[in-house]
Amino acid sequence: MKSKRTVLLGGGLVLAAAVAFPAVSAAAEGPRSVQVIDRIVVVVNDDIITRHELSERARVASAQLKQRGAPSPPQAVLEKQILERMITDRVQLQFAKETGLRVEDTELDRAISRIAAENKLSLQQLRAALERDGVDFNRFREDIRDEITIARLREREVENRITVTEGEIDNFIRTQQGSATRGDEFNLSHVLVTVPEKASPETIQARRERAEQALAQIKSGTDFRQVAASFSDAPDALKGGAIGWRTSSRLPSLFLEAVQGLQAGQVSGILRSPNGFHILKLNERRGTAPPVSVRQTHARHILIKTNEQVSEAEARRRLLILKERLDNNADFAELARLHSEDASGAKGGDLGWLSPRDTVPEFERAMDRLKPGEVSEPVRSQFGWHLIQVLERRQEDVSGERQRLEARRALRARKSDEAYQEWLRQLRDKAYIQYRLDGRS
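What you are looking at is a predicted structure, and each value in this text was computed from that prediction instead of being measured. Each chain carries its own residue numbering, running from 1 in the direction its sequence is written. Only residues with pLDDT of 70 or above have their local features reported here, since the model is predicted, and side-chain atom pairs are shown and tallied only from 80 upward, although totals for entire chains, interfaces and linings are computed over all residues. Only heavy atoms go into the side-chain values, all of them from the structure, while hydrogens and water stay out.

Overview of the sheet that holds strand β8 (residues 276-287)
Quick note on the threshold: Only strands that DSSP links by at least two bridges are regarded as paired with each other. The helix and strand labels rest on DSSP assignments: H or I over at least four residues marks a helix, E over at least two residues marks a strand, and numbering proceeds from the N terminus. To get an axis, a line is fitted to the C-alpha atoms, and for a helix only the part in contact is used. The angle between two axes follows their N-to-C directions and goes from 0 to 180 degrees. Contact criterion: two residues are considered in contact whenever any of their non-hydrogen atoms come within 4.5 Å of each other.
The antiparallel open sheet is built from 4 strands, whose spatial order is β6-β5-β8-β7. Of all the strands in the sheet, the pair left with one neighbour each is β6 (242-247) and β7 (271-273). The mean inter-strand angle of the sheet, taken between neighbouring strand axes irrespective of direction, is 40°. Direction of pairing for strand β5 (residues 184-194) relative to β8: antiparallel, over a ladder of 11 bridges. Looking across to β8, one finds that Thr194 is bridged to Gly276. In the packing of helix α7 (residues 201-219) onto the sheet, contacts are made with β5, β7 and β8, and the angle to β8 comes to roughly 40°. Lying over the sheet, helix α8 (residues 224-231) contacts β5 and β8, oriented at roughly 40° with respect to β5.

Focus: helix α4 (residues 123-132)
Test applied: Whether a residue is buried, partly exposed or exposed follows from its accessible area with a 1.4 Å probe, protein chains only, as a fraction of its type maximum: under 20%, in between, or over 50%, in that order. Regarding the arc, it is the one traced by the directions from the helix axis to the C-beta atoms.
Along α4, the residues classified as buried are Leu126, Ala129 and Leu130. For α4, the angular spread of the buried residues around the axis is 100°, confining them to a single face. Turned more than 90 degrees from where α4 packs its buried face, Gln124 and Arg132 sit exposed. Where α4 is buried, its residues contact α3 (105-118) and α5 (137-157). Directly after α4, the chain includes Gly134, whose backbone phi takes a positive value near 80°.

Thoughts on helix α10 (residues 312-327)
Quick reminder of the rule: Expected span of a helix: the number of residues minus one, times 1.5 Å.
The first and last C-alpha atoms of α10 sit 22 Å apart over 16 residues, in line with the 22 Å expected at 1.5 Å per residue. Turning to α10, its buried residues number three or more, namely Glu312, Ala315, Leu319, Leu322, Lys323 and Leu326. Looking down the long axis of α10, one finds its buried residues gathered within 105° of arc, a one-sided arrangement. Of the exposed residues in α10, those oriented more than 90 degrees away from the buried face are Ala313 and Glu324. Turning to α10, the residues buried within the fold contact α3, α5, β9 (293-304), α11 (332-339), β11 (379-381) and β12 (384-397).

Observations concerning the nonpolar core
Worth spelling out the cut-off: To form a nonpolar core, buried Ala, Val, Leu, Ile, Met, Phe, Trp, Tyr and Cys residues must be joined to one another through side-chain atoms within 4.5 Å.
With 29 residues, the main nonpolar core has Val42, Ile49, Leu78, Ile82, Leu83, Ile87 and Trp423 as its most contacted residues. Of all the secondary structure elements, the ones that give two or more residues to this core are β3 (34-44), α1 (51-67), α2 (75-98), α5 and α13 (399-430). Here this core takes 8 residues from α2, the largest share from any one element. Once residues lying within four places of it in the same chain are set aside, the contact partners of Ile49 are Arg39, Ile40, Val41, Val42, Val44, Leu83, Met86, Ile87 and Arg90.

Some words on the packing of aromatic side chains
Put simply, the rule is: Only Phe, Tyr and Trp rings take part, Trp by its six-membered ring, and two of them pair if their centres are within 6.5 Å. Stacked means planes under 30 degrees apart, edge-to-face means over 60, and tilted covers everything else.
Throughout the structure, instances matching the rule amount to 3 aromatic pairs. Between the aromatic rings of Phe95 and Trp423, the centroid separation amounts to 6.0 Å while the plane-to-plane angle is 70°, which identifies the pairing as edge-to-face. Taken together, the residues span a long stretch of sequence, with Phe95 in helix α2 and Trp423 in helix α13 at a distance of 328 residues. Note on Trp423: relative accessible area 14%, which makes it buried. When the centroid spacing of 6.1 Å and the interplanar angle of 25° are considered together, the rings of Tyr420 and Trp423 count as stacked. On the criterion of helical spacing, the pair formed by Tyr420 and Trp423 is a turn pair, its members being 3 residues apart in helix α13.

Below, the structure written as structure tokens:
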């Protein structure tokens, strides 16, 4: 008979070639040829990262950098950056699995449909485009699932625990009012060299030297995007370090002070923060005028959350039953008090007056399509499934209100970024990580 066997040998996955096994003693089998098909490069807790996985990620990352017009760093440097990112992602995905967080296929299908629509492609065209770029569609699906899982994990473990006090908002507004750049927006890129928690002076010095090497390469004329891909520990490293547009209110004071004196195209010196060492590049700068009058919507909703016990299909089914009752003149407020899993349920689902961007995009788009008195079909957002009803609309001068809302958002974003990096460091510190690449352990 013919047989193939996979065995673990010296850190490599090897496949014994198909050989004949006659019905005689093992001694009569004769020699076997062995073909190495993959190698383990890192052990992460009870999981592994293989050479094939790393090579494939490096190939895709290199192609993406080229699409952005950014030169790719040397292969060894790129692989090292990607490997660290893969380890961090793997640790988060393991924690998500251990704590019951998962993304169902129906939700994944909707996310991929949105990606196709945003690129003005059908699903078939998206698949064809990926295959032309050498990306396996099934691998692409699982990568999107992982991205959604990590985003939800961050929301659950970090963002939902962030609080911003009214006093912090007052102090923030006073500081902004005294700033010459109030209302300005900055398009930034950066390099981040992280420093571990409770790092020794020797480790801190080594990390500073790494940042100095990056800055030296930038000053010598190396493309900033290539330096970011080679040196940065930030999640956006393989996007050339692009942060994108940020209002002055959303920038940490350390960053704001650094970019105030920069012209477009210029780069800052090395900045030290609790997370590590930063280098900023100002790509563009523009002034903005905050809106004085906006259209506000008075809305209410019923929310059903999904979890291990309540599937996407079940949450939607429950809301369809409630929608049928509402269509037959049931009281929205009463149903919200009985069924909504949001804090607003106690108030009959009332969310008060909402300005643009007060809610997540999916919710806002559905709400904006409704006429006063109309109830939506079930709407999916990152929080679960909603029924939305618009009560009334108005034009409102919200200068002061908007200022406080923007301040709250900016403070939450700052706190969230800092808390997430700290949480991530602690999660990784607890993990068992063994390198089997380049002799590291």
